[in-house]
Amino acid sequence: MENKIHAQITGIGAYVPDYILDNEELSRLVDTSDEWIMSRVGIKERHILKGTGKGASVMGAKAVDQLLEKTGVSPDEIDLVICTTVTPDHLFPSTASIVAYESKLKNAWAFDLLGACSGFLYGIETARSFIESGRYKKVVLVSAEKMSSITNYEDRTTCPLFGDAGTAVLLEPTSEEIGVLDADLHTDGMGKPYLYRKAGGSAHPAHAKEVANIDHYIYQEGRFVFKHAVSKMAGVSVGMMKKHNLTPETLAWLVPHQANLRIIDATAHHMNLPPEKVMINIERYGNTTSATIPLCLWEWEKQLKKGDDLILSAFGAGFTWGAVYVKWAYDS
Ligand code: UT7
């Protein structure tokens, strides 16, 4: 019998801008403190992309360039680029097409995918389907978010939370029983009023009135989102463990979306996982939306071993949420 094709992650690149916005600087912008932000969210600093006319694609393209250099893959070999983002450079053309152009991926077709904070998981499942079809050999999944472009630095309830980053992951086929092995993804649509950007889309274009009302920035009812994030992320992650007979002993890593340290801790607690099996870097980057999970994988890459069982888990606007089961494919 012919072996099934699986999609394996074969490399990761990332780029975070140089400028660091720390809690001390934020405390001068709004009525907040390092103590409040650290105890309620767990963030110390976030990276911000400065400079006029620079969109998310700048970080996405730098991440792709690093990925290609690290893996030794030539730009001509890439078949497809998928870019997850809630902060596209423009509503059109796609940010994926701009990244493909900037990184000279001449033989790839490219499109954007919007799954908010669950975007990386949605992107992984999409890329996996293209690879498993047998028709695509090298798919690049870019996650590029310039959250600072939609953050109101006069709103203390949202401005401490978000940061900017770009990541790029390469997916390729394998006949081994490794790679992206399962995904359990959800969308319910009821979450819109609790976490969204009111203006700037076709329902409410960002005209002078919308801008005056500050409707072109992120709006969030944090407490409501928090409750749902904990129950959904924990539920789907525990479900994935049970389905694949993974135990706190056999699971190598939980790779959670980094929105709030308390959400991460609660998810790990429900999974009975000790802290040393949970990837956490929220303190240094904040919430970079769809880039949080690949940013963790990039930082922990050297510690990952072929055959390690990982659960990636996220929750975000929509609401969207899910868990992905990955058997890591390579030793660094
Ligand atoms: O990634 C996509 C999904 N998003 C999430 O998962 C985020 C989920 N939500 C959260 O992480 C948390 O709800 C927040 C971090 C956004 C807020 O934390 P919280 O513990 O839920 O605080 P809260 O909104 O209940 O506010 C508590 C108090 C309020 O004051 P009063 O009404 O009790 O007097 C706020 O005005 O804290 C106040 N507050 C602040 N104080 C100092 C809110 N923001 C700040 C601030 N500094 N930055």
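The structure presented is a predicted model; accordingly, all values stated were derived computationally and were not measured. (Residues numbered from 1 in each chain as written. Predicted model: local features only at pLDDT ≥ 70, side-chain atom pairs only at ≥ 80, totals over all residues. Heavy atoms only, no water.)

Q: What is the right way to read the state of the cysteines from this model?
A: Here, disulfide denotes a covalent bond that connects the sulfur atoms of two cysteines. Evaluation of the coordinates by the stated rule reveals zero disulfides. Free of any disulfide, Cys83 has its nearest neighbouring cysteine sulfur in Cys117, separated by 15 Å. Residue classification places Cys83 among the buried residues on the basis of a relative accessible area of 0%. Free cysteine Cys296: the closest other cysteine sulfur is in Cys117, separated by 13 Å. Among the residues examined, Cys296 registers a relative accessible area of 0% and is labelled buried. (Disulfide = S-S within 2.5 Å. Buried < 20%, exposed > 50% of the residue type's maximum accessible area, 1.4 Å probe, protein only.)

Q: Where do I start with unusual backbone geometry in this structure?
A: Put simply, Phe92 and Pro93 share a cis peptide bond, and its omega is 0°. With respect to the secondary-structure elements, Pro93 resides in the loop between strand E4 (80–84) and helix H4 (95–102). The step from Gly318 to Phe319 runs through a cis peptide bond, and the omega angle for that step is 0°. Tracing the chain through its elements places Phe319 in the loop between strand E12 (309–316) and strand E13 (320–327). The phi dihedral of Ala116 falls on the positive side, at around 50°, and the residue is not glycine. (Helix = DSSP H or I, 4+ residues; strand = E, 2+ residues; numbered from the N terminus.)

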